[in-house]
Structure formats: structure tokens, C-alpha cells
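# Remarks on the overall topology
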Amino acid sequence: MRIALLAALLFLASLAEAAQMPIAALPGGNVIYKPIQSIRERRFADLVQQKTDFSCGAAALATVLKQAYWLDVDEEHIIDGMLAHADQQVVKTQGFSMLDMKKYVESIGMRARGYRIPPESLQSVTIPVVVLMDIRGYKHFVVLQRTEKDWVYIGDPVLGHKRYKFDDFVKGWNGIIFAVIGPGYDKANALLDPPQPLTAKNKINGFSPVDDAQLMDFGFIQSDFF
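Description of the structure in this document. (Residues numbered from 1 in each chain as written. Predicted model: local features only at pLDDT ≥ 70, side-chain atom pairs only at ≥ 80, totals over all residues. Heavy atoms only, no water.)

## Points about the side chain of H140
- Looking at the element boundaries, H140 is found in strand β5 (residues 138-148).
- In this structure the side chain of H140 is engaged in a polar contact, spanning 2.8 Å, whose partner is the side chain of D156.
- Apart from the residues lying within four places of it in its own chain, the contact partners of H140 are Q50, C56, V131, L132, M133, I135, D156, P157 and V158. (Helix = DSSP H or I, 4+ residues; strand = E, 2+ residues; numbered from the N terminus. Polar contact = N/O pair within 3.5 Å; in protein donor to acceptor, adjacent residues only side chain to side chain. Contact = heavy atoms within 4.5 Å.)

And the structure:
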């Protein structure tokens, strides 16, 4: 019994390390290996996970910079960068603000734009942006990935990929989007095509990259595309 249990544990450990599952699906008993992904890995795919208190803004900003601009940054790197331009006493009690994020973005040679928009304009937001939500009295920065019909898709540094009913999102959102603008933007970045819920049926992939004219509405300039 102990030997069988040990063998089973070793098998599971090898799956966790290799992230592949052997399947006997070929004639003659040959085995093929199919990549697998845990629910947790799927939940945080392409997102920077928040690891400290009050660092949701840093994690959300890192997500945008990594995925949309392919910059080699992480949460800790951005925390250090924002602290250099922020009031550290305020950060200790209230966390980082959009102003802190703006100063950091400008310090690395990029541009930041804050837009107050009405809820009906969310459908026209075609780049990943940082937004502030009030979740049960807790102010929390997340990445707004896209809005589709009655759903708003969010990259949450704590909870991973989520989607909210449009009206539920609007209730907790402060009406402002924070956009990072600069050269090297990947118009087909992964944040624009978040994973569907595991219960989704009949997924229709209607994603297509945004054209240059739409990006210029957010403050991009022609030289950013070269």
C-alpha cells in the first residue's frame, strides 16, 4: 500500500513539474503528452499577481507594461520606482495613487493619460487600462481588459481574471481610466483576449487587433507605431 501511494505521489509530482499529461491515445499503446494548466495558472495567465498590501496599483501597472509593451518589470520593481516619486507616509496608510503611477510612467520615458468617461463609452476602450474599483469599501486597482456586450473583463491582481456584469462593474468603478501611452505597444497583446470562464460554451473568437486610428484617439502618436 505504501509503495503504491509513493508511486502515485511521484507521478503527480512529475505532472506538476512538467505540466504535461500522458495519454494512451495512439494504436499499439503509444503515449502522447498533452500540456495541462491548473485552474490557478489559468486564473492568473498573463497577469502580475499582487504579493504585498497596498500594491495592487503596482501589480496592475506591471501587468500593462509587461503584456502591452513587453517591458521586463515586476511588482517589486515598480513599487521601488513609485516610492521614489511618492509621499511614503501617505503610501503606508492609503497605498499608491494614479498620480504616483503617472509620475513613474513618465520617469521611464512613457506617457500617462487619465480620462473620465461615461459608462456608455466603455465599449470604445480598446486598449488595456488601469481602473480603480470600490469593492465592498476597499479601493482596489485592476486592469480593464475589454468590454463585450453585457460583460466587463478584468485582470485582478488578487483574484485573477474575472468578469463583471456591466451594471455591477459601473457601480464599483470611479469613472476614470488610466492609459499608458508610448512606443512599442503590442496591438495584439494577450490582455485584449482574456480567457473565458471555464463554464463558457460555444466560445466565438471575435478578437482582432486595433488599428492605428483608434489608438491615436487615446493619445498615441504616429511615431509610436515604428
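## Quick look at unusual backbone geometry
- A positive phi angle, close to 60 degrees, is found at W70, a residue other than glycine.
- As for its placement among the helices and strands, W70 is situated in the loop between α3 (56-69) and α4 (75-83).
- With relative accessibility at 62%, the residue W70 sits in the exposed group.
- Residues other than glycine seldom take positive phi values, yet K149 does so here, at roughly 55 degrees.
- Assignment of secondary structure puts K149 in the loop between β5 and β6 (151-156). (Buried < 20%, exposed > 50% of the residue type's maximum accessible area, 1.4 Å probe, protein only.)

## Observations concerning the pairing of β6
- Burial analysis of β6 places 5 of its 6 residues in the buried class, the great majority of the element.
- Two strands pair when backbone bridges link them, and β5 and β6 are joined in this way by 5 bridges, in the antiparallel orientation. Considered in β6, the bridge of T147 is made with V152.
- Hairpin connection from β5 to β6: 2 residues lie between these consecutive antiparallel strands, with K149 at a positive phi of about 55 degrees.
- Here 6 bridges tie β6 to strand β7 (residues 160-165), and the two strands are oriented antiparallel to one another. Within the sheet, the bridge partner assigned to V152 lies in β7 and is Y164.
- Hairpin connection from β6 to β7: 3 residues lie between these consecutive antiparallel strands. (Pairing = 2+ DSSP bridges.)

## Details of α3
- Over its 14 residues, α3 extends 19 Å from the first C-alpha to the last, a length consistent with the 20 Å expected when each residue adds 1.5 Å.
- For α3, a buried count of 13 out of 14 residues is recorded, marking the element as mostly surrounded by other parts of the structure.
- One or two positions beyond α3, positive phi appears at W70, with a value near 60 degrees. (Expected span 1.5 Å × (residues − 1).)

## A few points about the sheet that holds strand β3 (residues 111-116)
- Taken together, the 6 strands give an open sheet; going across it, the order is β3-β8-β4-β5-β6-β7, and neighbouring strands pair in antiparallel fashion. Each edge of the sheet is formed by a strand with only one pairing partner; in this case those strands are β3 and β7. Recorded for the sheet is a direction-independent mean angle of 35 degrees between the axes of neighbouring strands.
- Where α3 meets the sheet, its contacts fall on β4 (129-135), β5 and β8 (173-181), and the angle it forms with β5 comes to roughly 25 degrees.
- Across the face of the sheet, helix α6 (residues 98-107) comes into contact with β3, β4, β5 and β8 while running at roughly 5 degrees to β8. (Axes fitted to C-alpha atoms, helices over the stretch in contact; angles between N-to-C directions.)

## Overview of the pattern of salt bridges
- A complete count under the given rule lists 4 salt bridges for this structure.
- Ionic pairing is found between R146 and E148, a salt bridge with its closest N-O pair at 3.3 Å. (Salt bridge = Lys/Arg side-chain N within 4 Å of Asp/Glu carboxyl O.)

## Considering the packing of aromatic side chains
- Summed over the entire model, instances satisfying the criterion amount to 3 aromatic pairs.
- Centre to centre, the rings of Y185 and F220 are 5.2 Å apart; their planes meet at 50 degrees, and the pair counts as tilted. Placement of Y185 in the loop between β8 and α8 (212-216) and of F220 in the segment after α8 is noted, with a sequence separation of 35 residues between them. In this structure, Y185 and F220 share a single accessibility class: buried.
- Taken together, the aromatic side chains of Y69, Y185 and F220 make up a single cluster linked through ring pairs.
- The positively charged end of K162 is found above the aromatic ring belonging to Y164, 5.6 Å away from the centroid.
- The aromatic ring of W151 is capped on one face by R163, whose charged end is 3.7 Å from the ring centroid. (Phe/Tyr/Trp six-rings, centres within 6.5 Å; stacked < 30°, edge-to-face > 60°. Lys NZ or Arg CZ within 6 Å of the ring centre and 35° of its normal.)

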